[in-house]
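Residue-level structure breakdown
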Amino acid sequence: MDLTESENGMAASPVLGSRRRIRRAHVMAAGCAVAMCTALAAPVAADVGTTTTTTKPTIVLVHGAFADASSWNGVVERLESRGYTVIAPANPLRGLYSDSTYIASVLDSVKGPLVLAGHSYGGAVISTAAEGNPRVKSLVYVSALMPDVGESGMSLGAKFPSELGTATKSVPYRAGGVSGTDLYLKPDRIHPVFAADLPESTTRVMAATQRPAATTALSETAKVAAWKHIPSWFLVAKQDKAINPDQERFEAKRAGSHTVEIDSSHVAMVSHPDAVTDLLVQAATAAGSARPALAASGTTQDARAETALTGIAVGSLIAGTGAVLLARRMRRSRP
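Strand order in the open sheet formed by three strands is β5-β6-β7, with antiparallel pairing between adjacent strands. Lying at the two open borders of the sheet, with one neighbouring strand each, are β5 (168-175) and β7 (213-214). In terms of strand pairing, strand β6 (residues 178-185) meets β7 through two bridges, oriented antiparallel. Bridge pairing in β7 links aspartate 182 to alanine 214.

The structure is reproduced here in structure tokens:
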């Protein structure tokens, strides 16, 4: 090799080395951009993919008129076997305002998230008792009353007539200087109107042990309606003679409730405890606290996604600019 070839070889070596360093710099910058994109995109993917709560809520079961907490026994057993803490308090059945105040005080004694379920008149009670309590994550209505502000059980029943009026009798009562009127179910009407899918031997016991409801429980109008901002689930009993199934469908549709319909009498939690339990578990494991009918959660996710995409674009620009500046600096340093 002559002197010229030797000189050319010596001159080419630094150039090739510089080019390799520039290529490595571009690769490193591209890698940083990819890593930055991945880091920014990951929170959005995790947020969209979350579908269940991490802490099991306490489930509070509120009975309706003519019944007591034992009407939930089959459901309680099934929920506890699935690991849930369950409370089935006594609903006083004296009036919507006083009953909901009492149930709200029960909720105050429980720690952590809550799911409230109401059967029949108990639905009206939970709609009021849950108002203003941020720990109530879901409301579940089982062949229930679900009044809007200004509505009562009686006003809803007038729009959707049922056979309940033929099955009750009025009895005056006096207690602590207060007098009023109680409603009882007629023993011979409990089976056909209230619980047609239960044995008559069972409905005879129900007749003997029933708890009456004061007329004020059904006549007082709702002042609030928590189902307007708390997600709800509704079980429609298609064979219900005490509350018209069309009323139940109307209430559920108006509230945007997750709804199931089953062939059941009014007391679905007694005759179909598995179906009621399954619905309660759905409500207890549902993610988030936005009403199903609203798009608020989707809007939030879209905003987060837009923010992440903006961050990705900025990150890529920064990484690309860094690569260009590094390459220029390395060219200037060539011998």
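This part covers the confidence of the model for the chain. Taken residue by residue, the chain gives an average pLDDT of 80. The fraction at 70 or more is 69%. Taken as a whole, residues 1-22 scores under 50 in pLDDT and shows nine contacts with residues more than four places along the chain or in a different chain. Counted against residues more than four places away or in other chains, residues 292-335, with its pLDDT under 50, gives 33 contacts.

Looking now at the packing of aromatic side chains. Using the criterion set out here, one finds three aromatic pairs in the structure. Here phenylalanine 66 and phenylalanine 194 contribute two aromatic rings whose centre-to-centre distance is 6.2 Å and whose plane-to-plane angle is 80°, an arrangement assigned as edge-to-face. Within this pair, whereas phenylalanine 66 is found in the loop between β1 (58-62) and α2 (73-81), its partner phenylalanine 194 is found in helix α6 (residues 187-194), the two being separated by 128 residues in sequence. For phenylalanine 66, a relative accessible area of 7% gives the class buried. The ring of tyrosine 84 carries the charged tip of lysine 56 above its face, separated from the ring centre by 4.7 Å. Its guanidinium or amino end placed over the ring of tyrosine 173, arginine 94 lies 4.9 Å from that ring's centre, counting from NZ or CZ.

What counts as what
The numbering scheme is per chain: residues are counted from 1 as the chain's sequence reads. Note on the predicted model: pLDDT of at least 70 is required for a residue's local features to be given, and 80 or more for side-chain atom pairs to be given and counted; whole-chain, interface and lining totals, by contrast, use all residues. Side-chain descriptors were evaluated using all non-hydrogen atoms of the structure, hydrogens and water having been removed beforehand. Only when DSSP finds a minimum of two bridges between them are two strands counted as paired. In this description a helix means any DSSP run of H or I spanning at least four residues, a strand means any run of E spanning at least two, and both kinds are numbered starting from the N terminus. Each residue carries a pLDDT score, the predictor's confidence in it, ranging from 0 to 100. Whether two residues are in contact is decided by their heavy atoms: any pair within 4.5 Å suffices. In this scheme Phe, Tyr and Trp rings, the latter by its six-membered ring, pair at centre separations within 6.5 Å, and the angle between planes marks the pair as stacked below 30 degrees, edge-to-face above 60, and tilted otherwise. Categorising residues by exposure relies on relative accessible area from a 1.4 Å probe, with only protein chains included: less than 20% of the type maximum marks a residue as buried, more than 50% marks it as exposed, and the intermediate range marks it as partly exposed. Comment: the charge-over-ring label is applied if NZ (Lys) or CZ (Arg) is within 6 Å of the ring centre and within 35 degrees of the ring normal.

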